[in-house]
Structures are given as C-alpha cells and as structure tokens.
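So you can see what is in the structure, the chains are spelled out below.
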Number of protein chains: 2
Amino acid sequence: MFVIGIDVGGMSIKAGLIDDGGHILQKEVCPTVITDGYQRVVKDMAGLVAKLCQKADITEKDLAGVGIGCPGSIDSANGVVTYSGNLNFNNAPIVREFKKHTDLPVFIANDADCAALGETKYGSGEGVASCIMITLGTGIGTGFIYNNKLIQGGYGIGGEGGHICIEMDGELCTCGERGCWEAYASATALIRQTKTAMAQNKDSLLIKVAEEQGKVSGRTAFTAYKKGDKAATEVVKNYVKYVATGLITLINIFRPEIVILGGGISNEGEYFIKMVEDYVKAHSFGKEFNKLCRIVKASLGNEAGILGAGTLAMIN
Amino acid sequence: MFVIGIDVGGMSIKAGLIDDGGHILQKEVCPTVITDGYQRVVKDMAGLVAKLCQKADITEKDLAGVGIGCPGSIDSANGVVTYSGNLNFNNAPIVREFKKHTDLPVFIANDADCAALGETKYGSGEGVASCIMITLGTGIGTGFIYNNKLIQGGYGIGGEGGHICIEMDGELCTCGERGCWEAYASATALIRQTKTAMAQNKDSLLIKVAEEQGKVSGRTAFTAYKKGDKAATEVVKNYVKYVATGLITLINIFRPEIVILGGGISNEGEYFIKMVEDYVKAHSFGKEFNKLCRIVKASLGNEAGILGAGTLAMIN
C-alpha cells in the first residue's frame with residue numbers, strides 16, 4: 001500500500017508517492033498559485049495526485065490516503081487552514097474541497113508538525129517517543145511529539161514555538177510582537193546580526209566573505225568564524241546562545257528524548273550542533289540531576305516535507 | 001469507592017479521604033521530617049492513610065488507591081522522586097517504599113501537575129480537555145494537560161514551566177540561571193520589585209501600606225495600586241506584563257482552552273486576572289485570527305493539593 005505526501009509551500013507544491021518503507025517512488029512539482037484562492041491550490045494538488053498515479057501505473061485504490069503539510073495555523077480535526085500568511089488562506093476548508101476530487105482519506109497538518117512526524121518515522125528521530133523538531137530557516141518552525149503523538153495545540157492551532165518570548169521588549173518580530181525567539185534565532189535574524197557586525201567592524205573578514213559569497217547569507221558569519229575572525233566569532237557565539245535559549249525553554253517544558261535541528265542553518269554541520277548542545281547542557285533546569293536530551297541534525301533534508309506529510313496519512 | 005490524596009510539602013504532609021464526587025470526607029496532617037530520609041516521610045504518609053481509614057471506619061479494601069503530589073522532578077512511571085530540593089530527595093523510590101506499608105495501588109506525580117488534574121476534574125477547569133495551570137507562589141509551578149493527559153515530560157521529569165527564559169541575561173533565578181519567568185513573576189519576585197520601588201520612591205504610599213501590613217508582601221503593591229499610588233501602579237503594571245509574557249509563551253505552544261491561575265497572588269481577585277488576560281489577548285500569536293483561551297482563577301484553594309493527588313489515584 002502507498003500514500004501520497006504533499007508539501008505545500010509559498011512557491012511550489014511538491015508531491016510524492018511513498019511506499020510502506022518510506023521510499024519516495026515518484027515525485028511531482030507545480031508552482032503555487034495563491035492569487036485564485038484555496039480552490040485553485042487544492043485543484044493543483046489533486047492534479048499532482050493524478051499524475052503520480054499515472055506515472056506509477058496505479059489507481060486511487062492502491063493508495064491508503066493523502067497527507068498534506070501546510071505552513072500556518074491548521075485545524076487538523078476539521079481539515080481547515082485557519083490562517084496561513086504565506087498562502088493567503090483564511091479559514092480555508094482544504095480537506096472538504098479536496099474530497100470533491102478524490103474518495104481517498106485526506107489529512108492536513110502544519111508543515112513543521114509533518115516534518116517532526118517524518119523525522120521520528122524515517123529520520124534522525126526513528127524510534128523515539130518524544131522529540132522536538134526545530135527548523136531554523138526564514139522563520140523558526142517547531143513540531144512537538146510527546147509519547148508518539150503530535151502536540152498540535154487546542155483550537156486546532158499548531159504550536160507556534162517560534163513565537164515564544166526570549167527577550168521582553170526585544171527585537172521586533174514579523175508577527176508584530178517583540179522579543180520572539182524567531183526574531184533572534186532564524187536565518188533571517190542571523191543575517192541581520194551579521195550585517196550589523198559588518199557595519200560596526202569595517203576591517204572584519206565578514207565583509208570579504210560576504211563579497212566572495214555574493215551576498216550576506218546565513219553562512220557568512222560561520223565561514224568567517226572558521227577563519228578565526230573576531231567579529232564573526234562574536235556573531236556566532238551570540239547566535240548559538242539565541243538558538244539555545246529558546247531550546248532550553250522548550251526542553252524545560254517537554255523534556256524530550258531528542259531535539260532535531262533542521263532548516264538551512266542546521267547544514268552548518270556537527271560543530272554548530274555541538275556548540276548549541278554544550279550551551280543547552282550548561283543551562284537547562286536540573287542539569288545536575290536529570291538526564292538531558294541529545295541534539296541531532298535532521299536527516300531527511302529536502303524530502304522531509306513530502307515524507308512528513310505522507311507519514312500523516314500513514315498514521316491516521 | 002474512595003481514594004486517598006496526599007499532598008507532601010516542605011513543612012507538612014496533608015492527607016485526605018476523598019469520595020467519588022471529589023468530597024474530602026476526612027483530613028489528617030503531620031509535619032514533614034526531612035532529616036531522616038525518604039523512608040521516614042513514606043512511613044509518616046502510611047501512618048496518615050491508616051489514621052484516615054480508622055477515622056472513617058473503613059479498611060484498605062474500601063480504597064481504590066493512594067495518590068501522592070510532591071514538589072520536584074518526578075518519574076511517575078517508576079514511582080521515583082528524581083530530585084526535590086524542598087524535601088531533600090534524590091532518586092528516592094517513594095512508591096516502592098510505600099508498597100512496604102500497603103497493598104494498595106500507589107501513584108506519584110509533581111504537585112503542580114496534581115493541582116492541574118484536580119482543577120480539571122473538580123475545579124475551574126471541569127470538563128476541559130486542555131489547560132495550563134499556573135501557581136504563582138514562592139516560585140512558579142506549572143501543570144500542562146493536553147487532550148485529557150498530563151504532559152509530564154520525558155525522562156520522568158515534570159515540565160518546569162517556571163524556568164522558561166523571558167529575558168536573556170536577566171534577573172538571577174533560584175535555579176542558578178538568569179531570566180527565568182519565576183525570577184520575574186513569582187510572589188517572591190513581586191516582593192523584590194515592590195522593595196525596589198519603595199527604595200526609589202520614598203514618598204510612595206507603598207511604604208505606608210507595608211508598615212500597616214507589618215511587612216512587604218505580595219499584596220503590598222496591589223493595595224497601594226488600588227489607592228492610586230503612582231509607584232505601585234508601575235510595579236503592578238510591570239508585574240502583569242511579566243506574568244503575561246510567560247503565559248503567552250506557554251499559550252503559543254499549547255493553545256489550551258483555559259489557563260488556570262492559582263497560588264497566593266491569584267487571590268488578588270478578578271481585576272488582576274482581567275489585567276493579565278487583556279495583556280495576553282493583545283500580544284498572543286495569531287490574535288487576529290485565532291480564538292484565545294480564557295484565563296480563570298483556580299477554585300480548589302487549599303484543597304487543591306489533596307484533591308489533585310487523589311485525582312491521580314482515580315484516573316490511573
């Protein structure tokens with residue numbers, strides 16, 4: 001039996017046909033057209049399902065279901081996207097609309113929640129009952145799994161771990177509030193911190209590295225840091241602290257077995273994860289008495305979205 | 001059928017015989033002797049169980065079980081207090097020890113978790129599936145109930161919501177870290193903030209109120225605030241913000257149906273709860289699109305500990 005996982009992003013919709021073992025057998029992609037409302041997005045998703053069946057020479061009867069991972073606040077129980085800024089959805093009844101195109105069971109959840117499901121089923125968290133999955137990208141996505149169940153939040157609203165406050169009256173966040181973790185520890189925040197350091201340290205290697213890389217990116221500070229640059233070291237040290245501070249809040253609440261770091265920044269590698277882990281170990285509550293969770297890198301990479309959405313259809 | 005709920009505090013052990021309807025039929029109290037190790041504390045708890053049976057003229061056979069609420073990090077699955085500073089316990093196997101005195105099922109959980117259970121069974125959260133219970137006292141206790149289940153945290157460590165960071169490099173907390181919510185929003189923190197305001201505002205009504213009350217307490221700032229004192233208004237306004245900021249972090253993660261405020265500070269009354277609720281509503285994530293939880297006062301008062309511990313025995 002197969003499932004189809006659909007990863008809906010602001011730019012593109014990616015869909016994959018997945019077998020029992022978590023292998024993606026076929027993939028299809030199309031652009032996300034958000035100007036024509038949710039009906040168009042759902043129609044395009046259904047089109048990808050049809051194409052995947054055709055390519056694999058199977059019918060809907062060979063499928064156990066369709067899982068959809070979507071950014072924003074999702075009411076999974078009712079199949080509704082409560083709100084998604086990226087997709088311009090507001091109380092969009094995605095599952096009901098999708099059922100006009102298919103007789104298959106259709107499930108939807110927040111994309112970060114799906115990524116957490118995928119990592120615990122097929123990735124770095126395989127076999128783990130409780131984990132926190134963090135995606136350090138443009139923003140911060142969070143997925144919480146506790147005793148093998150997603151903690152999606154009441155009222156059908158996915159947990160918004162990126163908007164925990166780590167600094168009262170601190171940096172302005174895209175959500176309109178101040179001091180959110182996302183405003184300090186996302187890739188966007190790191191780029192801002194790097195630019196500030198460049199403006200304040202005209203002789204820093206950061207400037208040369210950014211020139212070589214063609215722009216200031218989430219990698220700039222790390223590259224200059226590895227070459228021993230002082231200003232870059234300060235940027236990286238602070239960034240590690242920002243990432244760890246939010247993690248400590250989440251760890252002190254959930255005490256998961258592992259924390260899985262994903263998103264562009266996590267590709268920086270083991271030394272970065274180790275720096276975060278060291279900070280977390282030194283500052284978590286009850287560090288003297290209690291076991292602490294491991295911090296690991298997400299392993300599903302670009303496939304995490306499709307696999308996570310597919311996992312949603314498998315476990316339901 | 002009855003259960004016995006035992007509330008173990010640093011000063012006293014309170015036990016109650018509870019019927020199906022959540023009525024405490026008999027109560028017994030004894031001092032907590034922490035100098036002789038956990039064996040003595042358990043022996044005294046067993047003594048209270050025997051006394052309650054005697055007073056009610058019942059035997060162990062009329063009891064469904066014993067529930068124990070205990071401060072600190074608890075491994076409920078194994079019946080062990082991993083660590084409790086108040087009780088000087090370190091990996092104390094309470095349930096195993098208790099079974100030397102009784103054939104009854106014995107359960108143990110963190111006292112704040114028990115309070116949350118009690119409030120959702122018999123108190124302000126009756127009938128609610130997901131809630132956050134916060135105790136604003138000497139420290140901050142937190143209990144999380146999600147879809148009718150306690151979120152106790154992995155590794156058998158209760159969620160330590162008092163130690164989420166709301167201000168990096170902020171006020172020093174009793175846990176040794178800086179910026180914990182507890183260091184801003186506990187009654188202890190409010191007293192410190194009140195004393196600071198008194199030192200900085202020699203003409204403030206705060207000084208007269210503290211004199212009248214015989215000391216600076218968690219009530220001092222509120223009393224002077226209600227009389228229109230400027231410095232007290234500043235203290236109360238900031239304190240509301242501190243309480244709300246931690247709540248917003250927890251709400252953005254869990255999206256509970258309700259937040260229940262308990263502990264001494266919550267006795268300040270409805271106007272204080274309303275101030276906290278207004279701040280939370282104005283600053284939670286997705287406030288424009290998503291329903292927000294209500295904030296209510298805990299209703300079980302002094303009985304919360306016994307009833308919560310008893311609930312633990314009922315639901316297991």
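Since the model is a prediction, treat every value here as computed from it, not as a measurement.

Participant: Before we move on, could you go through the interface of chain B and chain A and cite the residues and values that matter?
Facilitator: With 47 residues of chain B in contact, the opposing surface of chain A contributes 47 residues. A combined buried area of about 4,200 Å² lies between chain B and chain A, and 61% of that area is made up of carbon and sulfur atoms. The interface formed by chain B and chain A includes two salt bridges. Put simply, A:Lys241 and B:Asp169 hold a salt bridge, and the shortest N to O gap is 2.6 Å.

Participant: Can you break down the sheet that holds strand β4 (residues 63–70) of chain B residue by residue, with the values?
Facilitator: All names here are of chain B. The five strands lie next to each other as β3-β2-β1-β4-β8, forming an open sheet whose pairing is mixed. Among the strands making up the open sheet, the edge pair consists of β3 (24–31) and β8 (106–110). The mean inter-strand angle of the sheet, taken between neighbouring strand axes irrespective of direction, is 20°. Each of β1 (2–8), β2 (12–18), β3, β4 and β8 is contacted by helix α10 (residues 304–315), which is oriented at about 130° to β1, the strand it contacts most.

Participant: How would you explain the pattern of salt bridges if you had to name every residue and give the values?
Facilitator: All names here are of chain A. For the structure on display, the rule yields 20 salt bridges over all chains. For Asp36, the salt bridge identified is with Arg40, shortest N-O distance 3.5 Å. Asp44 is paired through a salt bridge with Arg40; the nearest N and O atoms lie 2.9 Å apart. Of this pair, Asp44 and Arg40 both sit in helix α1 (residues 37–56), four residues apart, roughly one helical turn. Under the relative-accessibility criterion, Arg40 is labelled partly exposed at 31%. Three or more residues joined by partner-sharing salt bridges are found here, namely Asp36, Arg40 and Asp44.

Participant: Which residues make up the pairing of strand β10 (residues 140–146) of chain B, and what are the values?
Facilitator: Residue and element names in this part refer to chain B. Of all seven residues in β10, six are buried, a share of seventy percent or more. Where strand β9 (residues 131–136) and β10 come together, six bridges link them in antiparallel fashion. By the bridge assignment for β10, Ile134 is matched with Thr142. Hairpin geometry of β9 and β10 is characterised by an intervening segment of three residues between the two adjacent antiparallel strands. Sheet topology note: the β10/strand β11 (residues 149–150) ladder contains two bridges and is antiparallel. Bridge pairing in β11 links Ile145 to Leu150. Hairpin connection between β10 and β11: a loop of two residues separates the two successive antiparallel strands, and Asn147 in this loop has a positive phi of roughly 50°.

Participant: Outline the packing of aromatic side chains, supporting the account with residue identities and numerical values.
Facilitator: Residue and element names in this part refer to chain A. Counting across every chain of the model gives 15 aromatic pairs over all chains. Consider the rings of Tyr184 and Tyr242, whose centres lie 5.1 Å apart with planes at 65°: the pair is edge-to-face. Of the two residues, Tyr184 is situated in helix α4 (residues 182–185) and Tyr242 in helix α8 (residues 230–254); the sequence distance between them amounts to 58 residues. A residue is classified by how much of its surface remains accessible, and Tyr184, at 7% relative accessible area, is buried. Taking 6.4 Å as the distance between ring centres and 85° as the angle between the ring planes, the aromatic pair formed by Phe222 and Tyr271 counts as edge-to-face. Pair noted here: Phe222 is in helix α7 (residues 220–226) and Tyr271 is in helix α9 (residues 270–283), with a separation of 49 residues, a long-range link. Its relative accessible area of 1% is what places Phe222 among the buried residues. Looking at Tyr271, the relative accessible area reads 26%, which means it is partly exposed. These aromatic residues form a ring-pair network of at least three members: Phe222, Tyr225, Tyr239, Tyr271 and Phe272.

Participant: Residues and numbers for the relation of the copies chain B and chain A, please.
Facilitator: Turning chain B through 180° and shifting it by 0.0 Å along the axis lays it on chain A, with an RMSD of 0.0 Å. This pairing of chains is accounted for by a two-fold axis.

Participant: Can you break down the side chain of A:Ser204 residue by residue, with the values?
Facilitator: Residue and element names in this part refer to chain A. With respect to the secondary-structure elements, Ser204 resides in the loop between α5 (187–200) and α6 (205–213). Relative accessible area serves as the criterion here: at 6%, Ser204 is assigned to the buried category. Reaching out from Ser204, the side chain makes a polar contact with the backbone nitrogen of Leu206 at a distance of 2.9 Å.

Participant: If you had to explain the sheet that holds strand β13 (residues 294–297) of chain A to someone new, which residues and values would you point to?
Facilitator: Strand order in the open sheet made by the five strands is β11-β10-β9-β12-β13 (chain A), with mixed pairing throughout. Each edge of the open sheet is held by one strand with a lone partner, namely β11 (149–150) and β13 of chain A.

Participant: Now, about the nonpolar core: what can you tell me, with residues and values included?
Facilitator: Counting 106 residues, the largest nonpolar core has A:Ile134, A:Leu247, A:Phe272, B:Ile134, B:Leu247 and B:Phe272 as the members making the most contacts within it. If near-sequence neighbours (up to four positions away) are discounted, B:Phe272 is found in contact with B:Leu136, B:Phe222, B:Tyr239, B:Val240, B:Val243, B:Leu261 and B:Ile265.

Participant: Give a detailed account of the pairing of β2(B), specifying residues and quantitative values.
Facilitator: Residue and element names in this part refer to chain B. Most of β2 is tucked away, with five of its seven residues classed as buried. The pairing of β1 with β2 spans six bridges and is antiparallel. Within β2, the position partnered with Ile4 by the bridge is Leu17. Linkage of β1 to β2, two consecutive antiparallel strands, is achieved through a turn of three residues. Examined bridge by bridge, β2 and β3 share seven bridges and lie antiparallel to one another. Within β3, the position partnered with Ser12 by the bridge is Pro31. Counting the residues that bridge the hairpin from β2 to β3 gives five residues, and of these Gly22 lies at a positive phi of roughly 80°.

Calculation rules
Residues numbered from 1 in each chain as written. Chains lettered and ligands numbered in written order. Predicted model: local features only at pLDDT ≥ 70, side-chain atom pairs only at ≥ 80, totals over all residues. Heavy atoms only, no water. Contact = heavy atoms within 4.5 Å. Buried area = accessible area lost by both parts, 1.4 Å probe. Salt bridge = Lys/Arg side-chain N within 4 Å of Asp/Glu carboxyl O. Pairing = 2+ DSSP bridges. Helix = DSSP H or I, 4+ residues; strand = E, 2+ residues; numbered from the N terminus. Axes fitted to C-alpha atoms, helices over the stretch in contact; angles between N-to-C directions. Buried < 20%, exposed > 50% of the residue type's maximum accessible area, 1.4 Å probe, protein only. Phe/Tyr/Trp six-rings, centres within 6.5 Å; stacked < 30°, edge-to-face > 60°. Least-squares fit on C-alpha atoms with pLDDT ≥ 70 in both. Polar contact = N/O pair within 3.5 Å; in protein donor to acceptor, adjacent residues only side chain to side chain. Core = buried A, V, L, I, M, F, W, Y, C linked by side-chain atoms within 4.5 Å.

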